[in-house]
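Observations on the model geometry
One letter stands for each residue in the lines below.
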Amino acid sequence: GSEWTYSEGALDQKHWPDHYPSCGGQRQSPINIQRKMVRYNPTLKRLNLIGYEAQKGTFPMTNNGHTVQIQLPPTMHMTTRDGQVYIAEQMHFHWGGGSSDMSGSEHTIDGSRSMIEIHVVHYNSKYKSYDIAKDAPDGLAVLAALCEAHNAENIYYTDFISHLQNIMYPGQSTTLTGLDIRDMLPRNLHDYYTYLGSLTTPPCSENVRWFLLAETFKLSMEQIWTLENRLFNHQNETLRNDYRMIQPLNRRVVEANFK
Ligand code: GRE
Ligand code: ZN
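Reading the values: rules and limits
Per-chain numbering applies: the sequence of each chain, read as written, is numbered from 1 onward. Whichever chain is written first becomes A and whichever ligand is written first becomes 1, with later ones labelled in order. For a predicted model such as this one, the threshold for reporting local features is a pLDDT of at least 70, and the threshold for listing and counting side-chain atom pairs is 80 or more; totals across whole chains, interfaces and linings nevertheless cover every residue. Hydrogen atoms and water are omitted, and side-chain values are computed over all heavy atoms in the structure. Strand pairing follows a simple DSSP-based rule, namely that at least 2 bridges must link the two strands. Strands here mean DSSP runs of E at least two residues long; helices mean DSSP runs of H or I at least four residues long; both are numbered from the N terminus. Geometry of aromatic contacts follows a simple scheme: Phe, Tyr and Trp rings, the Trp one being its six-membered ring, pair when their centres are within 6.5 Å, and the pair is stacked under 30 degrees between planes, edge-to-face over 60, tilted otherwise. Burial classes follow relative accessibility: with a 1.4 Å probe on protein chains only, a residue under 20% of its type's maximum area counts as buried, one over 50% as exposed, and anything between as partly exposed. Working definition of a nonpolar core: buried Ala, Val, Leu, Ile, Met, Phe, Trp, Tyr and Cys residues. They are joined through side-chain atoms within 4.5 Å. Contacts between residues were defined by any pair of non-hydrogen atoms, one from each residue, lying within 4.5 Å. Here, two cysteine sulfur atoms that lie within 2.5 Å of each other are counted as a disulfide. Donor atoms (N, O, S) are those found within 2.8 Å of the metal centre, with the cutoff raised to 3.2 Å for Na, K and Ca; water is not part of the atom list, so apparent gaps in a site can occur. A molecule or strand has a residue near it when one of that residue's heavy atoms lies within 4 Å. Identification of polar contacts relies on pairs of N or O atoms within 3.5 Å, with a donor-acceptor requirement for protein atoms, meaning one able to donate a hydrogen and the other able to accept it, and with residues adjacent in sequence counted only if both atoms are side-chain atoms. Method for areas: the Shrake-Rupley scheme with a 1.4 Å probe, in which residue coverage is limited to the protein chains shown. Under the scheme applied, nonpolar residues are Ala, Val, Leu, Ile, Met, Phe, Trp, Tyr, Cys and Pro; charged residues are Asp, Glu, Lys and Arg; polar residues are all the others, including Gly. Definition used for salt bridges: Asp or Glu carboxyl oxygen within 4 Å of a side-chain nitrogen of Lys or Arg.

A sheet is described by the order of its strands in space; here three strands give the open sequence 1-8-9, paired in mixed fashion. Each edge of the sheet is formed by a strand with only one pairing partner; in this case those strands are strand 1 (32–33) and strand 9 (112–113). As paired strands, strand 8 (residues 108–109) and strand 9 are joined by two bridges and run antiparallel to one another. Across the sheet, the residue bridging to Ile-109 is Ser-112, located in strand 9.

This is the structure in structure tokens:
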């Protein structure tokens, strides 16, 4: 497919729909979550995250020019409301950077943007592989969380952040030994917002059930700064501000399993 970028120019966000028609669709992500418009749904079930706690083994981590992505093992999965099982595929981040505004989350809450957003991408277990599921109407689910700055270092991110120096350039990969996503996420995994949306990158496929955790996770300013300044993109610029603009909600309703 064609190349695409976040930054200014002929390949930037405004032009994504020219090459990827779904990017101009009616159920796009990310969105602003206006809290007073959220519908409390007491029938929404707790998320069950299996294999998220400390895992032994090796996990490839890649700079793909748009983000840093970690490949996840299929033993990691998530069960949701209707007994649906979603198998983990990869996790990646969206962030900001630059001198004045360091915030770069994709979803906003009441118009306010957080520092970083983590996406743990899963596919519906009724499909044989991510590659098949990514084109199916009920194919994907993303567990997302927002990050805020805090004065203490988050030790569960130390190993991840120190590996960034091995993958400064697009196409480079490194290997994490052991992974503990449970501890990289907010402590409260119970309260979430959920809605139907899309991939936030081309091809913007409209087949994602989003679960955005209500609680944030915390990184130190130094950790945030390192993520925002360590990597380069395909244009040989610092890989920054890899977040998509807010998309229209249209007819959608955001639900929450908490009041
Ligand atoms: C992304 O690239 O941001 C993405 C995926 C898969 C699902 C959702 C999503 O790669 O936002
Ligand atoms: Zn993403």
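In total, this model carries twelve aromatic pairs according to the counting rule given. Residues Tyr-123 and Tyr-130 carry aromatic rings whose centres are separated by 6.3 Å and whose planes lie at 75° to one another, so their mutual orientation is edge-to-face. Relative accessible area serves as the criterion here: at 16%, Tyr-130 is assigned to the buried category. An aromatic cluster of three or more residues is present, and its members are Phe-93, Tyr-157, Phe-160 and Phe-217.

Another aspect to go through is the nonpolar core. Among the nonpolar cores identified, the biggest contains 45 residues, and Val-68, Phe-93, Leu-143 and Phe-160 are the most heavily contacted of them. Considering every element that reaches this core, the biggest residue donor is strand 7 (residues 85–95), with five residues. When neighbours within four sequence positions are excluded, Phe-160 is seen to be in contact with Met-61, Val-68, Ile-70, Phe-93, Leu-176 and Met-184. Residues Val-38, Tyr-123, Tyr-127 and Leu-212 belong to the second largest nonpolar core, which totals 23 residues.

This part covers the state of the cysteines. Here the structure, examined in full by the defined rule, presents one disulfide. Note on cysteine connectivity: Cys-23 is disulfide-linked to Cys-204, with sulfurs 2.1 Å apart. Given an S-S torsion of about 85°, the disulfide between Cys-23 and Cys-204 has right-handed geometry. Of this pair, Cys-23 sits in the loop between helix 1 (16–19) and strand 1 while Cys-204 is found in the loop between strand 13 (192–197) and strand 14 (208–213), placing the two residues 181 residues apart along the sequence. In this pair, the class of Cys-23 matches that of Cys-204, namely buried.

Distances from the zinc ion (ligand 2) to its protein donors, namely His-92 (NE2), His-94 (NE2) and His-119 (ND1), fall within the range 2.0 Å. As a motif over one chain, the donors of the zinc ion (ligand 2) read H-x1-H-x24-H. Of this pair, His-94 sits in strand 7 while His-119 sits in strand 10 (residues 116–124), placing them 25 residues apart in sequence. For His-94, a relative accessible area of 2% translates into the label buried. You can call His-119 buried: its relative accessible area is 2%.

Attention now moves to the site of ligand 1. As a structural note, the neighbourhood of ligand 1 is formed by Gln-90, His-92, His-94, His-119, Val-121, Tyr-130, Val-142, Leu-199, Thr-200, Thr-201 and Trp-210. In the model, an oxygen atom of ligand 1 is placed 3.3 Å from a nitrogen or oxygen of the Gln-90 side chain. The side chain of Thr-201 places a nitrogen or oxygen atom 2.7 Å from an oxygen atom of ligand 1. Coverage of ligand 1 by the protein chains reaches 92% of its 290 Å² of free accessible surface. The element best represented in the shell around ligand 1 is strand 7, accounting for three residues. When the residues that make up the shell around ligand 1 are grouped by side-chain class, the tally is five nonpolar, six polar and no charged.

In this section: the pattern of salt bridges. For the structure on display, the rule yields five salt bridges. Here Asp-12 ties to Lys-14 by a salt bridge, and the two come within 3.7 Å at their closest N and O atoms. Judged by relative accessible area, Asp-12 falls into the buried class, the value being 6%. For Arg-35, the salt bridge identified is with Asp-110, shortest N-O distance 2.8 Å. Residue Arg-35 is found in the loop between strand 1 and strand 2 (39–40), and its partner Asp-110 is found in the loop between strand 8 and strand 9; the two are separated by 75 residues along the sequence.

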